[in-house]
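Read off the chains here:
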Amino acid sequence: MPETPDLAAAARSHSVGIVGGGFGGLIVAWECVKVGMSVTLWDAGDIGGMTRLVSVDGARVDVAADSIERSEAVDEVLSAFGLTDKLVASATHERWLLQRTPVVLPESPALGIPASPFVSDVTSVIGWGAAWRAYLDRLKPVLTIGNAESLGELVSQRVGAKVRDKLVAPRTRAELGLDPADVLIDAALPELNSALTRAGSLSGGVGLLDVTPPSLSLSGGLSVLAEALRTRIEELGGTVHEHTPATSVERAVDNWTITTTVHNAETDADEPVETTVQHLVLATDGRTAHSLLVPLIPSLAADGSTEQTVVTLAVSGITATRGAGVYASDAASDVQRIDHVTAQWPSIERATGHEIVRVTLAERGADDDEAVQIAAGAVGEAYGATVTVIDSHVERFVRAQSRAARTHADRVAAIRTQAATMPHLDVVGAWVAGDTVRDVITDAMATAEAIRRRALFSV
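Here the residue index of a chain counts from 1 through its sequence in written order. Thresholds applied to this predicted model are a pLDDT of at least 70 for local features of residues and 80 or more for the giving and counting of side-chain atom pairs; totals over whole chains, interfaces and linings are not thresholded and use all residues. The side-chain quantities take in all heavy atoms of the structure and omit both hydrogens and water.

**Q** How would you summarise the sheet that holds strand β9 (residues 239–241) if you had to cite specific residues and measurements?
**A** Strand pairing is defined by DSSP finding a minimum of two bridges between the two strands. In this description a helix means any DSSP run of H or I spanning at least four residues, a strand means any run of E spanning at least two, and both kinds are numbered starting from the N terminus. Taken in spatial order, the five strands line up as β9-β2-β1-β13-β19 in an open sheet, and their pairing is parallel. Strands with a single pairing partner mark the edges of an open sheet, and in this sheet they are β9 and β19 (425–427). Here the average twist between neighbouring strands, direction ignored, is 15°. Here strand β1 (residues 15–19) runs beside strand β2 (residues 38–42); their pairing, made up of five bridges, is parallel. Opposite Val 19, over in β2, you have Trp 42 as the bridge partner. Running over the sheet, helix α11 (residues 286–293) touches β1, β13 (279–282) and β19 and is turned about 140° from β13. For every element, the axis is a line fit to its C-alpha atoms; helices are fit only across the contacting stretch, and the angle between N-to-C directions ranges from 0 to 180 degrees. Contacts were defined at the residue level, with two residues in contact if any of their heavy atoms lie within 4.5 Å.

Shown next, in the form of structure tokens:
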């Protein structure tokens, strides 16, 4: 193993180019630059990705992702930036079902599967007939999940199709972006199999699971962490370029050339700029990563991303209580979920009488004005109110596939196997890690460690 001075020299001589400035790219950049590597990061827009702050009616809110689950890797990062004490819990996590008469969705640690089918908030959604059907699960023979990989299959077999469609499907579609049939049980609910076996029934097994903790965010929004990462990267000598999209990447014998587009203020024209690095990390969304990699790897596994439109509204007129917001009851609905941002995070400053809501729409090709109209109409329906839109912000995203998807593990394994055929190339970000902030950070930390080991201890 090289002595410390040799490691320092090896680090200084190793250059890393990172395309994408969400948490995946920022974490890798920080982990590499802090050991002395030469690091350059480019992002097509503002850093932070789906955790960027936007201003709506003067309120500064996260543009899409606003919660973070804890893990060893997440805690390590938060501690490194002194942000652990900045964690705040959502003031409410109650969700409602968006239908003609909205009703509260029952609490469940298992994506809507009830521990008891006869409690009032369950029967109010599925009715007494479906509750009795769900109760029959208690009388069935004891078994494990066995061949039922799909959450939808397990739920319909054990407690009935109405539980699947009325209680579970709204949760999986809103939270995972998946129909229950596409949810892999062991990925979404890893403790469910053993709990079911111990209890002898599905609902009994759900009753053994830990209560879902409230959502966590950072005081000031998750973008606080993104900005802290950027500041530390630049303090340590790294370079961060915003509004600088990458148009191509090319592999030579022992380096990569990244072509980016930079706006020349003098000529008022976009000009290509080439940068050569030894190691390339793609930390973009799946669509962009595929467009850059397919010329090099024509057989690259298909992208599992979907398009989403997120409309953030400042409104007046909301007086009803819908907790943290509402989920769509119908898969065909234009509106997938409504998050009542200021109900969850009441410390957000906004004008008196104004509420901030975030409406996630399925991509139907609507322009910004139509998207705002659809979102405002859905908020009025959900809250039984005539709402007035004070201000709005429309953002379009490429949503990554959840780790809970039945196809996720095989697809990512294929992508990483194919990427490994290209020397000094790594891929991070939600398109391979999964669509939660915890997934992205955990994966990026592991990837950065592998990059450092290869660079500093290579023979």
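**Q** Summarise the sheet that holds strand β11 (residues 256–264); cite the residues concerned and give the values.
**A** If you trace the three strands from one edge of the open sheet to the other, you get β10-β11-β12, paired in antiparallel fashion. Strands with a single pairing partner mark the edges of an open sheet, and in this sheet they are β10 (246–251) and β12 (269–277). Averaged over all neighbouring strand pairs, the angle between strand axes comes to 25°, with direction disregarded. Looking at chain direction, β10 and β11 are connected through five bridges and run antiparallel. Its bridge partner lying in β11, Ser 248 is registered against Thr 259.

**Q** I'd like to hear about the side chain of Thr 92, residue by residue, with values.
**A** Mapped onto the secondary structure, Thr 92 falls in the loop between β5 (87–89) and β6 (95–98). Note on classification: 1.4 Å probe, protein chains only; a residue is buried when its accessible area is under 20% of the maximum for its type, exposed when over 50%, partly exposed between these limits. Its relative accessible area of 18% is what places Thr 92 among the buried residues. Side-chain polar atoms of Thr 92 contact the backbone nitrogen of Glu 94, separated by 3.3 Å. If sequence neighbours within four positions are ignored, Thr 92 has contacts with Gly 323, Ala 324, Ala 343 and Gln 344. Polar contacts here mean pairs of N or O atoms no more than 3.5 Å apart (in protein, one a potential hydrogen donor and the other a potential acceptor; neighbouring residues in sequence count only if both atoms are side-chain atoms).

Any functional reading would require information that these geometric values do not contain.
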